[in-house]
Amino acid sequence: QVQLVESGGGLVQTGGSLRLSCAASGRTFSSSAMGWFRQAPGKEHEFVATISWSRGVTAYADSVKGRFTISGVNAKNTVYLQMNSLKPEDTAVYYCAARAYSGSSFYPHEYDYWGQGTQVTVSS
């Protein structure tokens with residue numbers, strides 16, 4: 001069984017930075033892409049960023065473009081999310097996800113594996 005484990009969440013003031021990490025464990029698998037999503041209370045999962053391993057292409061939600069950076073190591077199925085200039089509206093539980101085939105996607109239902117989430121809280 002594949003498990004994704006996130007870390008790095010916490011409480012930060014507006015304008016601060018956090019770096020989230022996500023590592024895969026369990027049985028060996030190859031992912032074609034990994035991504036970050038977030039869910040605020042009372043809202044659905046929202047796409048944040050994704051990275052496609054085969055092309056090294058990244059994509060971001062407009063709300064985080066220029067502030068967040070996704071990176072990772074394909075061979076280790078490890079992905080990071082560097083979050084700068086954080087705003088209160090970035091407050092959410094952040095989830096990493098892995099997709100086995102077909103590259104990046106903006107849609108949560110197209111990902112095969114999910115982490116348990118890590119809380120990010122940005123105070124004003």
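Look above for the structure.
Notes on the structure in this doc start here. (Residues numbered from 1 in each chain as written. Predicted model: local features only at pLDDT ≥ 70, side-chain atom pairs only at ≥ 80, totals over all residues. Heavy atoms only, no water.)

Let's talk about the packing of aromatic side chains
Note the cut-off: Note on aromatic pairs: the rings of Phe, Tyr and Trp (six-membered ring only in Trp) are paired at centre separations within 6.5 Å, and the planes decide the class, stacked below 30 degrees, edge-to-face beyond 60, tilted for the rest. Numbered from the N terminus, helices here are DSSP runs of H or I no shorter than four residues, and strands are runs of E no shorter than two. Burial classification: accessible surface area is computed with a 1.4 Å probe over protein chains only, and a residue below 20% of its type maximum counts as buried, one above 50% as exposed, and the rest as partly exposed.
The tally for this structure, following the rule as stated, stands at six aromatic pairs. Judged by centre distance (5.9 Å) and plane angle (70 degrees), the ring pair of Phe37 and Phe47 falls under edge-to-face. Placement of Phe37 in strand S4 (residues 33–39) and of Phe47 in strand S5 (residues 46–52) is noted, with a sequence separation of 10 residues between them. On the basis of relative accessible area, Phe47 is assigned to the buried category, the value being 13%. Between the aromatic rings of Phe37 and Trp114, the centroid separation amounts to 5.2 Å while the plane-to-plane angle is 50 degrees, which identifies the pairing as tilted.

A few points about unusual backbone geometry
Despite not being glycine, Asn77 shows a phi value in the positive range, around 45 degrees. Mapped onto the fold, Asn77 is located in the loop between strand S7 (68–73) and strand S8 (78–83). With a phi close to 50 degrees, Ser85 is a non-glycine residue in the positive phi region. Secondary-structure assignment places Ser85 in the loop between S8 and strand S9 (92–99).

Examining the sheet that holds S7
The following threshold applies: Note on pairing: two strands pair once DSSP finds at least 2 bridges between them. For helices, the axis comes from a line fit to the C-alpha atoms of the stretch in contact; other axes are also lines fit to C-alpha atoms, and the angle between any two N-to-C directions lies between 0 and 180 degrees.
Reading across from one edge, S1-S3-S8-S7 is the order of the four strands in this open sheet, with antiparallel pairing throughout. The open sheet has two edge strands, strand S1 (2–7) and S7, and neither has a second partner. On average, each strand axis in the sheet is tilted by 15 degrees relative to the strand beside it, whichever way the strands run.

Describing the pattern of salt bridges
Which entries qualify depends on this criterion: Salt bridge criterion: a side-chain nitrogen from Lys or Arg within 4 Å of a carboxyl oxygen from Asp or Glu.
Considering all chains together, one arrives at five salt bridges under this definition. Salt-bridge contacts for Glu46 lead to Arg38; the nearest nitrogen and oxygen are separated by 2.8 Å. With a relative accessible area of 33%, Glu46 lands in the partly exposed category. Among the residues examined, Arg38 registers a relative accessible area of 5% and is labelled buried. Connected via shared salt-bridge partners are Arg38, Glu46, Arg67 and Asp90.

Some details on the state of the cysteines
Stated formally: We call a pair of cysteine sulfur atoms a disulfide whenever their separation is within 2.5 Å.
A complete count under the given rule lists one disulfide for this structure. The disulfide bridge from Cys22 ends at Cys96, spanning 1.9 Å between sulfur atoms. On the criterion of sequence distance, the pair formed by Cys22 in strand S3 (residues 18–26) and Cys96 in strand S9 is long-range, its members being 74 residues apart. Classification of Cys96 by relative accessible area gives buried; the value is 0%.

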